[in-house]
Amino acid sequence: MRHLIVFIVFIIACLITDKAFGQIQPPDTLQLSPKELFGESDDLNDVGILQSYIDFSKDVLSSSNLSVGIIGKQVSTTLNLGYNKSSMNGQWGHTFAASLNPVWNYYGVGYGFSRNTEKRTTTIQSFYSTDFNFQKNISLSVIDVFRTKKWGTFGYSLNASKTFWGESEGEWEGKYTVDENGDFKDLIYPIDPAASEITYGGMVMYTYTYKTKMVNISPQIFLISDIYKIYKHGGKNDMSYLTDFNLDLYYGTSFDWKITKRFVLNTNIRFNTTIDKSTKSVGYKKENPIMFMIGTNFQF
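Here we summarise the structure given alongside this text. Everything numeric in this text was worked out from a predicted model, so none of it was measured.

### As for the side chain of Thr199
- Here Thr199 is to be found in strand E14 (residues 195-207).
- Judged by relative accessible area, Thr199 falls into the buried class, the value being 8%.
- In terms of polar contacts, Thr199 uses its side chain to reach the side chain of Lys229, at 3.3 Å.
- Each residue touching Thr199, except ones within four places of it in the same chain, is listed here: Asn159, Ala160, Ser161, Asp226, Tyr228 and Lys229.

Structure (structure tokens):
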């Protein structure tokens, strides 16, 4: 009889223990209703707020050694390094370039091959940039520049670029976890798969130089537009399309200070205006930097 009682007590203890351990379980996942999600996601997903972004492929346009960009209250410095090597007759040229911006986490290297005549320079150029984390970009451009004595310098370029993005947190879709007591524990964000975008576009530019004994002054204007895009996003949102009207306008003035016969100091100020309704329609807005640049040109 004693052994039977001990066995019954052991069974009851096991049942109580199993029930207690059953309460220690992974948090439950709950989902808000569409109406609740609409009310809660305004702040979490910044509904109605334009998210700002920086387009390095367009903003890094200067061959100056040092460039300072100002966006709102943020100041960022880009160091551009270049090395040019020409043939003995000057008809062919090679350009090696590097761009470093630790503040905005941008690093790039490039190579260009040029053919020169008295009035025209044609360049094929490639450039690779990365932030060593989330985004990388590779571009190929054909650039044509025409020089005239009377009307200044004209140019255009045709370019194709491909940008890659890694996995990232998507917008909150209303899922969250609760603990064993039903209290809120954490939000669950979906993970967006890696994506890529191919962009075809072009640029036209114009500059005219006023020459004096001490300084050459050159007003400049660049007009850049994207024409066609191919977007791939894990197969679920893949698309290709002609873009709506968009325009990036860069305008400013370059000063070449003639320090000596062999040494020229360049200073440059450039502004940016963007017209692009398509990005605003999906909640994004390109930042427009003010760029101050300084560079050197030393002739050996």
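### A closer look at the nonpolar core
- Counting residues in hydrophobic clusters, the biggest one holds seven residues: Met203, Met205, Phe222, Ile224, Tyr250, Met291 and Met293.
- Listed by contribution, the elements that provide at least two residues to this core are E14, strand E16 (215-232) and strand E21 (290-298).

### Here we look at the packing of aromatic side chains
- Overall, the coordinates contain 10 aromatic pairs when judged by the stated rule.
- Ring plane angle 45° and centroid distance 5.3 Å describe the contact between Phe96 and Tyr111, whose orientation is recorded as tilted. Placement of the pair is Phe96 in strand E5 (residues 92-101) and Tyr111 in strand E6 (residues 106-116), with a sequence separation of 15 residues.
- The exposure class of Phe96 is partly exposed, given its relative accessible area of 41%.
- Tyr111 sits in the partly exposed class, given a relative accessible area of 30%.
- On the numbers, 6.4 Å between centres and 40° between planes, the contact of Tyr200 with Tyr228 is tilted. Taken together, the residues Tyr200 in strand E14 and Tyr228 in strand E16 connect sequence positions 28 residues apart.
- The class for Tyr200 is partly exposed, based on a relative accessible area of 36%.
- For Tyr228, a relative accessible area of 28% puts it in the partly exposed group.
- These aromatic residues form a ring-pair network of at least three members: Tyr83, Phe96 and Tyr111.

### Some points on the environment of Met203
- Along the polypeptide, Met203 turns up in strand E14.
- Not counting residues within four places of it along the chain, the set of residues in contact with Met203 comprises Gly155, Tyr156, Ser157, Phe222, Leu223 and Ile224.

### Quick look at the side chain of Asp131
- Along the chain, Asp131 turns up in the loop between strand E7 (120-130) and strand E8 (135-148).
- Summary of buried charges: Asp131 has no salt-bridge partner, and the nearest side chain of opposite charge, Lys136, is 7.9 Å away.
- A polar contact of 2.9 Å, which involves the side chain of Asp131, links it to the backbone nitrogen of Asn133.

### Observations concerning the pairing of strand E18 (residues 246-258)
- Alignment of E16 against E18, held across 10 bridges, turns out to be antiparallel. Residue pairing across strands places Phe222 opposite Tyr250, the latter belonging to E18.
- Here E18 pairs with strand E19 (residues 263-276) via 13 bridges, running antiparallel. Opposite Leu249, over in E19, you have Thr273 as the bridge partner.

Basis of the calculations
- Residues numbered from 1 in each chain as written.
- Predicted model: local features only at pLDDT ≥ 70, side-chain atom pairs only at ≥ 80, totals over all residues.
- Heavy atoms only, no water.
- Helix = DSSP H or I, 4+ residues; strand = E, 2+ residues; numbered from the N terminus.
- Buried < 20%, exposed > 50% of the residue type's maximum accessible area, 1.4 Å probe, protein only.
- Polar contact = N/O pair within 3.5 Å; in protein donor to acceptor, adjacent residues only side chain to side chain.
- Contact = heavy atoms within 4.5 Å.
- Core = buried A, V, L, I, M, F, W, Y, C linked by side-chain atoms within 4.5 Å.
- Phe/Tyr/Trp six-rings, centres within 6.5 Å; stacked < 30°, edge-to-face > 60°.
- Lys, Arg positive; Asp, Glu negative; His and termini not counted.
- Salt bridge = Lys/Arg side-chain N within 4 Å of Asp/Glu carboxyl O.
- Pairing = 2+ DSSP bridges.

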